[in-house]
Every structure is written in structure tokens, then in C-alpha cells.
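Here is how the chains run, residue by residue.
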Amino acid sequence: MGTFGTPRRVLVRGEGPYVWDADGRRYLDLLGGIAVNALGHAHPTLTAAISAQLGTLGHISNFFASPTQIVLAERLLELAGAGDVPGSRVFFTSSGTEANEAAFKMARRTGRPRVLALEGAFHGRTMGALALTHKEAYRAPFEPLPGGVEFVPFGDAQALAEAMADDVAAVVLEVVQGEAGVRPLPPGYLAHARRLCDEHGALLVLDEVQTGVGRTGAWFAHQHPTLGGGVRPDVMTLAKGLGGGFPIGAVVAYGERAASLLGAGQHGTTFGGNPVAAAAALATLGVIDRDRLLDHVRTVSDRLVDALRDVGSPVREVRAAGLLVAVELDAPVAAQVAARALDAGFIVNPVTPTALRLAPPLVVTAGQLAGFVDFLRGEATARPAAPGPQGAAADETTETS
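Residues numbered from 1 in each chain as written. Predicted model: local features only at pLDDT ≥ 70, side-chain atom pairs only at ≥ 80, totals over all residues. Heavy atoms only, no water.

**Side note on the overall build of the protein chain**
At step 1: Secondary structure summary: the protein chain contains 14 helices and 17 strands in total.
At step 2: Overall size of the protein chain, expressed as C-alpha extent along the three principal axes, is 60 × 55 × 40 Å.
At step 3: In the protein chain, buried positions account for 55% of the 401 residues.
At step 4: Summarising the internal contacts of the protein chain: among those between residues at least 6 apart in sequence, 72% fall at separations of at least 24.
At step 5: Here the protein chain contributes 33 positive and 40 negative side-chain charges, whose respective centroids are spaced 2 Å apart. (Helix = DSSP H or I, 4+ residues; strand = E, 2+ residues; numbered from the N terminus. Buried < 20%, exposed > 50% of the residue type's maximum accessible area, 1.4 Å probe, protein only. Contact = heavy atoms within 4.5 Å. Lys, Arg positive; Asp, Glu negative; His and termini not counted. Charge placed at Lys NZ, Arg CZ, Asp CG, Glu CD.)

**Considerations on the side chain of threonine 93**
At step 1: Considering the arrangement of structural elements, one finds threonine 93 in strand β4 (residues 89-93).
At step 2: Taking relative accessible area as the criterion, threonine 93 reaches 2% and is therefore assigned buried.
At step 3: A distance of 2.9 Å separates the side chain of threonine 93 from the backbone oxygen of serine 95, its partner in a polar contact.
At step 4: Here threonine 93 is in contact with Glu98, Ala99, Ile248, Gly249, Ala250, Gly272 and Gly273, once residues within four sequence places are set aside. (Polar contact = N/O pair within 3.5 Å; in protein donor to acceptor, adjacent residues only side chain to side chain.)

**Side note on the confidence of the model for the protein chain**
At step 1: Looking at the protein chain, pLDDT values average 94 and 95% of them are 70 or higher.
At step 2: For residues 385-401, every residue scores under 50 in pLDDT, and the model assigns this stretch 48 contacts once sequence neighbours within four places are set aside. (pLDDT = per-residue confidence, 0-100.)

**Digging into the packing of helix α3 (residues 67-79) against helix α10 (residues 275-290)**
At step 1: Between α3 and α10, the least distance of the axes is 8 Å, while the angle of their chain directions is 40°. Classified by the angle their axes make, α3 and α10 are oblique. In this structure, α3 meets α10 at a crossing whose hand is left-handed. Residue-level inspection shows Thr68, Gln69, Val71, Leu72, Arg75, Leu76 and Leu79 of α3 in contact with α10, the latter providing Pro275, Ala278, Ala279, Ala281, Leu282, Leu285 and Asp289.
At step 2: Of the residues in the contact of α3 with α10, the class split is 10 nonpolar, 2 polar and 2 charged. (Axes fitted to C-alpha atoms, helices over the stretch in contact; angles between N-to-C directions. Parallel < 35°, antiparallel > 145°, perpendicular 65-115°, else oblique. Left-handed = near helix turned anticlockwise from the far one by under 90°. Nonpolar A, V, L, I, M, F, W, Y, C, P; charged D, E, K, R; others polar.)

**Digging into α3**
At step 1: Here α3 is 13 residues long and its end C-alpha atoms lie 18 Å apart, about the 18 Å a rise of 1.5 Å per residue gives.
At step 2: Those residues of α3 that fall on the buried side of the exposure criterion are Thr68, Leu72, Ala73, Leu76, Leu77 and Leu79. An end-on view of α3 places all buried positions within 165° of arc, on one side of the element. Away from its buried face by more than 90 degrees, α3 exposes Pro67 and Glu78. (Expected span 1.5 Å × (residues − 1). Arc of directions from axis to C-beta.)

**Let's talk about unusual backbone geometry**
At step 1: Between glutamate 143 and the following residue, proline 144, the backbone shows a cis peptide bond with an omega angle of 10°.
At step 2: Here proline 144 lies in the loop between α6 (136-139) and β6 (149-152).
At step 3: Cis geometry marks the peptide bond from serine 313 to proline 314; its omega dihedral reads 10°.
At step 4: Position of proline 314 relative to the elements: it lies in the loop between α11 (293-309) and β13 (315-321).
At step 5: A positive phi is found at isoleucine 34, a non-glycine position, where the angle reads about 60°.
At step 6: In this fold, isoleucine 34 is placed in helix α1 (residues 32-35).
At step 7: Of note, the phi angle at valine 213 is positive, near 60°, even though the residue is not glycine.
At step 8: Summarising the element assignment, valine 213 is placed in the loop between β10 (203-207) and β11 (235-238).
At step 9: For valine 213, a relative accessible area of 4% translates into the label buried.

Now the structure itself:
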């Protein structure tokens, strides 16, 4: 229907961090399907798990449970630090926007009318998730959106405190705003939000759709010592990297209060948590654990950031949370640089007019990333491209889930 703009290439196969187009040309995938392909492409463990499960039991309705679904829920509670919180539960979805829809409905079930989100936030494209999303260009064509959502300035602790009251149902935050250009919350902000939610009886909802499942070098960004410091939410939403490329999302509710907000018949899903999706997620989590990919992400991220900061022009700034990286350029030419990068064999995302977003597979190596760093060094002497419609170009490559 033309919703994604003109495709840049037709991709036909992949292996590890690489993909090939229909003409046989190879690209280093530094976007990973927008932080989805955590294990890269065609990972043998993931493929085998999906194939084996599909050959045993593919899909069942939500009138039934499956062993893979139960084991995955238990594993997520364990990794999320919710296993020791009585009453904690998991609801499975097929995508991140569905997970955020469920969290929004949970907020509604508190009976309180107000929900606070941040300027710059992106939480999805369905109507409830879109109501939590700040960008006017995404919102305007579909208004009126579900009401009660208020946006406070990003990272402004005082503004959040002034907006809080006993009628606030939830504060919804991304630990790192991805689409806004990889912007981590300021140090201490998450703990401040936790205190305010406790004081006013509101839910703290963390959208970890893009930052979860090892992307930042911790299982979840709020567990990272410098990003979240281990602040525990009431609700966490997941998707993207959870299935390693197979569609699955999840809502983790910490404790009976949050987990009991949606009662029988008040929410549902057809595909969420089906046996194949659950098997894919278990395999993905298993490989991350087995291959010590959290350590790998931290090591490779440090080396990449150091190399990028050494490039000089056109790189003005580098912001990184593990392997979620923004390369801020010294001019609004991100779309043109991304196009030249594609021609040179690198897939990146011009997430803002001045910034490139990288979210490569967690298995990428520093050696593989070195080629992209060399490309950026070469950009210092590249012939300048005529300025184009930067905002529109960037919009075509931003979030779609």
C-alpha cells in the first residue's frame, strides 16, 4: 500500500550479520531488521528450534497452553528479576506495539484517567500505542486518539514531578529513546520516576521493545548499571530481539497488583505465545546465554564507540547503549550518507536528519564493524550531496512495529 516508501533493495538471503540482494551483492546488516535479528540471519540453533517445533506442534488457540510457552514465561520472569515477586505473570503478543497496547489497557484498568509519557517517545503504531507516541506526524492523520495521555519534556525530573498526582495511572518510559536518536534517560531519572510512582500509586511501565534481550549488554536496559541501575518497573514490554527474527512480544507484570489488572476475557491474542514463537524465543535466549553475548556486546560496543569517536568529520557525536548506537553527523545529511553507505555495502538507518542509527545483530564482530568505520572516514572527503527532504527520507526508515 505504499506505507513504507520505495524499497531500497530486494533481499533474498542472509547469513550471520550479512544479507544478499537479488543481484548477489552482499551487505553488512547494521540495522538488524531494526534491532530484531539478535542472532543475525539463518542462525543454526534458531532455525533448528523453529523447524523442530513446527514439526511437532505449530499453532494452538489460547484455550490451551504449551510446554514451550510455560517455560518461556518462567524464563522471562527469572531474567527480569520478577521470579521472586509473588504473583508476577507474562502475557505474550506478536509484536511490540501489541505489547504496549496491553500495557495501556492495564493502565486503564486502574481506573485513573491520566497517563504520562515523554516528548520524543515512540511506542508503536496501533491506536493505543500511538497515543503514547509523541511525534505529531505519526499522530495527526489518526486523531482523535485515545485520550488521557500527557507528554512531559524528556529527561526533565522537575517537570515529571510537577505532572505527577494521585490520578496518574502510569508513567510510560523508554530507558533509551531509539527513534529520537538513541537518547538514554539522564542518570537518576529512572530512580526518580520510580519514587514518584511509589508515592502516588502509579504504575511504572518500561518499554524495552528495542532495548531488551541483550541489546544494551544487559538482559534489559533498566538492569544496566549506567542506564537504569536496576530500578524495577511494575510492567515491562518486550518484542523485537526476543524471537531473533520470529514475531513475538511479551508483557511482564511484576507482582499481583500489576498482573491482575487484566481479568478473564478483557484482553486476548490469536498468535501471541504460540509454540513456534515460544520455541524461537527460548532458542534466542539460550544462545545469548550460551555464547556469552552480553559480554560480547559490551566489548564490541566499547571498541566501536572508540573507533567512531576517532573518525572526526563528519562524525560530531556518538551515543551508544551497547549495540544500539547513534552516529550524530555535523550536518543534516543523514539520508544521503545512509544512501551512500548502502551503495558501499552497509545497511544503516537515518533516524533523524543528522543521525544514523545502528542496531546490528549481537553476534557482529569488531572486525566486521571496522569496514563501516572506514567508510565514515572516507565521507570526510566525499563529494557533498545536495540537501534533500531529510525529514521525509528519515520517516521512511523509522519504526514500523
